[in-house]
Amino acid sequence: MKQRRAAALLVSAALGAALLTGCSSDGVDCNLDQCTVTIQRETDASVEVLGVEAEFVSADDDSVTLQVAGQQVTLDKGQQAVEVGGLQLSLSSVTKSEVQVQVSR
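Below is a summary of the structure that appears in this document. (Residues numbered from 1 in each chain as written. Predicted model: local features only at pLDDT ≥ 70, side-chain atom pairs only at ≥ 80, totals over all residues. Heavy atoms only, no water.)

Time to look at the overall build of the protein chain. Within the protein chain, the regular secondary structure consists of 1 helix and 10 strands. The helix and strand sequence of the protein chain, counted from the amino end, reads α-β-β-β-β-β-β-β-β-β-β. A total of 105 residues make up the protein chain; the buried ones form 30% of that total. Roughly 6,800 Å² of accessible area belongs to the protein chain as shown, and the carbon and sulfur atoms make up 49% of that amount. (Helix = DSSP H or I, 4+ residues; strand = E, 2+ residues; numbered from the N terminus. Buried < 20%, exposed > 50% of the residue type's maximum accessible area, 1.4 Å probe, protein only. Areas by Shrake-Rupley, 256 points an atom, 1.4 Å probe, with all protein chains shown as cover.)

Given below as structure tokens:
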């Protein structure tokens, strides 16, 4: 019984720490107030961030088009954040293989 309680306490502590420090998963790295989303420049590439799915549509050297929360949005380098699906999105970088987008609530 003591081992189960100790294990439960460890799991609770780990989950609490994860919630306080943010999260990260494939293509998504979050801190307390913002996430960096990395999406591969390939057909059907997508990630889920803050409960919203973002899917890669197309990109060129200075912009990216994404499908976010059912809406298509184009982000340009240097542009101020755009609100889509309750999230603020801005383009960080575009390379030949991936795009990086900053996402916050």
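Now for the nonpolar core. Counting 25 residues, the largest nonpolar core has Ile39, Leu66, Val68, Val73, Leu75, Leu89 and Val103 as the members making the most contacts within it. Each residue touching Val103, except ones within four places of it in the same chain, is listed here: Gln34, Cys35, Val37, Val49, Leu50, Leu87, Gln88 and Leu89. (Core = buried A, V, L, I, M, F, W, Y, C linked by side-chain atoms within 4.5 Å. Contact = heavy atoms within 4.5 Å.)

Time to look at unusual backbone geometry. Phi is positive for Leu50, which is not a glycine, with a value near 50°. Position of Leu50 relative to the elements: it lies in the loop between β4 (46–49) and β5 (52–59). Positive phi, normally seen in glycine, also occurs at Ala69, with a value near 50°. Its place among the elements puts Ala69 in the loop between β6 (63–68) and β7 (71–76). Judged by its relative accessible area of 41%, Ala69 is partly exposed.

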